[in-house]
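# Observations on the three-dimensional arrangement
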Amino acid sequence: QLMAAMLEALVAELGSLAGKLLISIAAGIKVERLQEMAGGHSRIIRTMPNTPSLLGLGMTGLYAPTGIEQADRDFAEQMMQAVGKTLWVAQESGINGVIAAAGSAPAYFFLFMQGIAEEAEAMGFTPEQAPLGAAAMVEQNPELSLQALREQVTSKGGTTAEAVKTYQEQGRKPLTSRAMQAAVTRAGEMETLF
């Protein structure tokens, strides 16, 4: 409720939105609710960027309801491409998928890296001695799939193959699926709060 009140106060302070395009980056607030907050203003595009946008490496999902002109769509897309890649979703519910797959994904990655760093420390290494350069490998090799990158590190019958086998046997895929679906579910729940 506090977030909704703050957003309503902000929109009120903006004054007349006549002739203006409103681009939202608020999670959990649907276009219909934004229209109500903006006194019926309907020229609204909803976006969901992620934190790598701070480095110009973001991924932003965009949604525009019917009736939004192509020029507004183009403007919003160009603006969000200044901080990374963009992806339009056809249905507003697709924004919740973007939240799970891109918006929350850095946290999943950081959590995994945190686990590796913590285990390395438990083995006697300092944080400085156990650097994690995998993210740079992904960035520097955009032509390679994540599977291909993983396979480059995994020698058949070797130590990495055994570790990967353990992840697979312990349910990495269903756990990841459940976690991402939990993010989608929570995004839907948040929409009912506003």
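See the structure shown above.
Read on for a plain summary of the structure. Bear in mind that the values here come from a model prediction, so they are computed numbers and not experimental data.

### Details of the overall build of the protein chain
- Looking only at helices and strands, one finds 9 helices and 4 strands in the protein chain.
- Written out in order from the N terminus, the α and β elements of the protein chain read α-β-α-β-β-α-β-α-α-α-α-α-α.
- By the compact-globule yardstick of 16 Å for 194 residues, the protein chain is too spread out, its C-alpha radius of gyration being 21 Å.
- Once the C-alpha set of the protein chain is aligned to its principal axes, its extents read approximately 65 × 35 × 30 Å.
- Across the protein chain, every contact between residues at least 6 apart in sequence was considered, and the portion connecting residues at least 24 apart equals 55%.
- As presented, the protein chain carries roughly 12,500 Å² of accessible surface, and 60% of it is formed by carbon and sulfur atoms.
- Charged side chains in the protein chain number 14 positive and 20 negative. The centres of these two groups are separated by 6 Å.

### Remarks on the sheet that holds strand E3 (residues 58-63)
- Strand order in the open sheet made by the 4 strands is E1-E2-E3-E4, with mixed pairing throughout. Unpaired on one side and paired on the other, strand E1 (22-24) and strand E4 (84-88) mark the two borders of the sheet. Here the strands of the sheet are splayed against their neighbours by 25° on average, with no regard to which way each runs.

### Comments concerning the pairing of E4
- In this structure, E3 lies alongside E4, joined through 5 bridges in parallel fashion. Within E4, the residue paired with Gly 58 across the bridge is Gly 84.
- For the crossover from E3 across helix H3 (residues 70-81) to E4, the handedness is right-handed.

### With respect to a nonpolar patch on the surface
- A surface patch of nonpolar side chains, amounting to about 380 Å² of accessible area, comprises Leu 54, Leu 55 and Leu 57.
- Within the element layout of this structure, Leu 57 appears in the loop between strand E2 (44-48) and E3.
- On the basis of relative accessible area, Leu 57 is assigned to the partly exposed category, the value being 46%.

### Side note on the layout of surface pockets
- In this structure, the largest pocket encloses a volume near 2,700 Å³.
- Residue lining of the largest pocket: 50 residues in total, with Phe 109, Phe 112, Ala 134, Val 138 and Leu 146 positioned closest to the centre.
- Elements represented by at least two residues in the lining of the largest pocket include exactly E3, E4, helix H4 (94-103), helix H5 (105-122), helix H6 (134-140), helix H7 (146-153), helix H8 (159-169) and helix H9 (172-193).
- Counting residues per element, the lining of the largest pocket draws most heavily on H5, at 10 residues.
- Split into classes, the residues belonging to the lining of the largest pocket amount to 33 nonpolar, 13 polar and 4 charged.
- As a volume, the second largest pocket reaches approximately 170 Å³.
- Lining of the second largest pocket is provided by Met 3, Leu 7, Leu 10, Val 11, Leu 14, Leu 22, Ile 23, Ser 24, Ile 25, Ala 26, Ala 27 and Leu 34.

### Some words on the side chain of Glu 92
- By secondary structure assignment, the location of Glu 92 is in the loop between E4 and H4.
- Given the relative accessible area of 13%, Glu 92 is considered buried.
- Among the polar contacts listed, one links the side chain of Glu 92 to the backbone nitrogen of Val 31, at a separation of 2.7 Å.
- Not counting chain neighbours up to four residues away, the residues in contact with Glu 92 comprise Lys 30, Val 31, Arg 46 and Tyr 63.

### Regarding the packing of aromatic side chains
- Under the counting rule described, the total for this entry stands at 2 aromatic pairs.
- Ring plane angle 55° and centroid distance 6.3 Å describe the contact between Phe 109 and Phe 110, whose orientation is recorded as tilted.
- Judged by relative accessible area, Phe 109 falls into the partly exposed class, the value being 34%.
- Ring geometry for Phe 112 and Tyr 167: centres 5.5 Å apart, planes at 55°, overall tilted. Linking Phe 112 in helix H5 with Tyr 167 in helix H8, this pair joins segments that are 55 residues apart in sequence.
- One cation-aromatic arrangement involves Arg 73 over Trp 88; the distance from NZ or CZ to the ring centre is 5.3 Å.

Criteria and thresholds
Here the residue index of a chain counts from 1 through its sequence in written order. With the structure being a predicted model, the display of local features is reserved for residues of pLDDT at least 70 and the display and counting of side-chain atom pairs for 80 or more, all residues being used for whole-chain, interface and lining totals. Hydrogen atoms and water are omitted, and side-chain values are computed over all heavy atoms in the structure. Secondary structure is summarised from DSSP: a helix means a run of H or I of at least four residues, a strand means a run of E of at least two, and numbering begins at the N terminus for each. Throughout, the radius of gyration refers to the C-alpha atoms, and the reference size of a globule is 2.2 Å times the residue count to the power 0.38. Contacts are assigned to residue pairs that have any heavy atoms within 4.5 Å of one another. Areas reported here follow the Shrake-Rupley algorithm with a probe of radius 1.4 Å; residue values treat only the protein chains shown as occluding. Neither His nor the chain ends is counted toward charge; the positive residues are Lys and Arg and the negative residues Asp and Glu. A single reference atom marks each charge: NZ on Lys, CZ on Arg, CG on Asp, CD on Glu. Pairing between strands is defined by DSSP: at least two bridges between the two strands are required. Axes here refer to lines fitted to C-alpha atoms; in helices the fit is confined to the stretch in contact. Angles between the N-to-C directions go from 0 to 180 degrees. Crossovers are marked right-handed if the path from the first strand over the helix to the second runs clockwise, as seen with the strands pointing away from the viewer. Here a patch means residues that are over 30% exposed by relative accessible area and free of salt bridges, tied together within 9 Å if like-charged and within 5 Å if nonpolar (Val, Leu, Ile, Met, Phe, Trp, Tyr). A carboxyl oxygen of Asp or Glu within 4 Å of a side-chain nitrogen of Lys or Arg is what we treat as a salt bridge. The classification of residues rests on relative accessible area computed with a 1.4 Å probe and restricted to protein chains. Under 20% of the type maximum is buried, over 50% is exposed, and intermediate values are partly exposed. Here a cavity denotes grid points, spaced 1 Å and computed from the protein atoms alone, that fit a 1.4 Å probe unable to get out, and a pocket denotes an open set having protein on both sides within 12 Å along at least 5 of 7 lines; residues with an atom within 4 Å of a point are the lining. Grid points are joined across faces, edges and corners, and a volume is the space filled by probe spheres set on the points. Gly counts as polar in this scheme, as do all residues outside two lists: the nonpolar Ala, Val, Leu, Ile, Met, Phe, Trp, Tyr, Cys and Pro, and the charged Asp, Glu, Lys and Arg. Here a polar contact is taken to be a pair of N or O atoms separated by no more than 3.5 Å, where protein atoms must pair a possible hydrogen donor with a possible acceptor and residues adjacent in sequence count only if both atoms sit in side chains. For Phe, Tyr and Trp, rings pair up if their centres lie within 6.5 Å, where Trp contributes its six-membered ring, and each pair is then called stacked (planes under 30 degrees apart), edge-to-face (over 60) or tilted (otherwise). A ring is considered to have a charge above it if a Lys NZ or an Arg CZ atom is located within 6 Å of its centre and within 35 degrees of its normal.

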